Amino acid sequence: MKKKIVFMGTPDYATIIFDKLIKSYNYEVLALFSQPDKKVGRKQILTAPHIKQYCIDNNLDLPIFQPDKLKNNNEIKEELEKLSPDFIIVAAYGQILPKEILDIAPCINLHASILPKYRGASPIQESILNDDKYTGVTAMFMEEGLDSGDILAIEYLKLQNNMLVDEVFDKLSYLAANLTITTLDNFEKINPKKQNSTEVSHCSKIKKENGLIDFDNAKQLYLKYKAYCYWPGIFLSTGLKIKEIELIDEDSSNKEGEILEINKDFTIIGCKSGKIKITKVQPPSKKVMNIADYLRGKRLEVGNTLN
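Every value quoted in this text rests on a predicted model; they were computed, and no experiment measured them.

Attention shifts here to the pattern of salt bridges. Tallied over the full model, the rule gives 12 salt bridges. With a shortest N-O distance of 2.8 Å, Glu81 and Lys77 are connected by a salt bridge. With Glu81 and Lys77 both in helix α3 (residues 74-83) and four residues apart, the pair spans about one turn of that helix. For Glu81, a relative accessible area of 41% gives the class partly exposed. Linking Lys219 and Glu250 is a salt bridge whose minimum nitrogen-to-oxygen distance equals 3.8 Å. Of this pair, Lys219 sits in helix α7 (residues 218-228) while Glu250 sits in strand β13 (residues 241-253), placing them 31 residues apart in sequence. One salt-bridge network, held together by shared partners, links Asp131, Lys219 and Glu250.

Attention now moves to the nonpolar core. Grouped together as the largest cluster of nonpolar side chains are 64 residues, with contacts concentrated most on Phe7 and Leu110. The contacts of Phe7, once residues within four sequence positions are left out, are Ala14, Ile17, Phe18, Leu21, Val29, Ala31, Leu32, Phe33, Ile51, Ile89 and Ala91. Membership of the second largest hydrophobic core comes to 18 residues, among which are Phe65, Ile76, Tyr93 and Leu102.

A separate point is the packing of aromatic side chains. For the structure shown, the criterion picks out six aromatic pairs. Where Phe33 meets Phe65, the ring centres are 4.8 Å apart and the plane angle is 20°; that geometry is what we call stacked. A residue pair is termed long-range when its members are at least 10 positions apart, and Phe33 in strand β2 (residues 27-33) and Phe65 in strand β5 (residues 64-65) qualify at 32 residues. Owing to a relative accessible area of 0%, Phe33 belongs among the buried residues under this scheme.

So, how was this worked out
Residues numbered from 1 in each chain as written. Predicted model: local features only at pLDDT ≥ 70, side-chain atom pairs only at ≥ 80, totals over all residues. Heavy atoms only, no water. Salt bridge = Lys/Arg side-chain N within 4 Å of Asp/Glu carboxyl O. Helix = DSSP H or I, 4+ residues; strand = E, 2+ residues; numbered from the N terminus. Buried < 20%, exposed > 50% of the residue type's maximum accessible area, 1.4 Å probe, protein only. Core = buried A, V, L, I, M, F, W, Y, C linked by side-chain atoms within 4.5 Å. Contact = heavy atoms within 4.5 Å. Phe/Tyr/Trp six-rings, centres within 6.5 Å; stacked < 30°, edge-to-face > 60°.

Put into structure tokens, the structure is as follows:
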């Protein structure tokens, strides 16, 4: 007999896990919970979450709930009780589950970090910013605290030097999808483990201003680029967005933002510590362009500063 699942998730990370459950033989997804549609872009077009759009595109006959809040929402509580799931699976849903929901069925969260490290909203970006060698996915019981429940299983991912945040997201999504099935298949045999409270760290929701950079430290600038290139991007106080960069070295001493070399395809910029190579930039309200073309238009030469 198939186990009954209610799934809660919103972005593409969740969609990959959801897809695995939908196509699994042993589990039946009864309903999807996702964040409400949001207005996106300059034209403020009302846009469905990635996971809801997946359901639409694949003609899934599945009830979809998009409540603004779960807490003190008796209507949603009653709907979940009617569904009577065996498990509630949560992945990047965007809301904390209140006790009245947690009590309905075992709630399992697929959190994109090696807990107890990086509890919170941006674990993948935080892992990249800290130049970790490994990240991973933790399957954990949910409780009223933030990502503080007992650990059921962990899957690890080695971070390569050139991995950008979107690639890490993608790889962790598929790890999480497989881990979900493995955890459910072996649920009765798993001995949950308490998190080590002495190793807890937290990460907050990313804001646009987190993408602001300077030319103090080349390594830190490059890590910011890897973590934030998808959103919010990295940019100077002038509004110039840096779209493609590489780390040249970490140790050389230079004037901050000094143009050290101009090539037709790239430019070398000095930092107080280290150097970076910039290939593409985007001026405010303009299209992405080659850095050499930008410098030529601004009449900037070797020895000038970019910032």
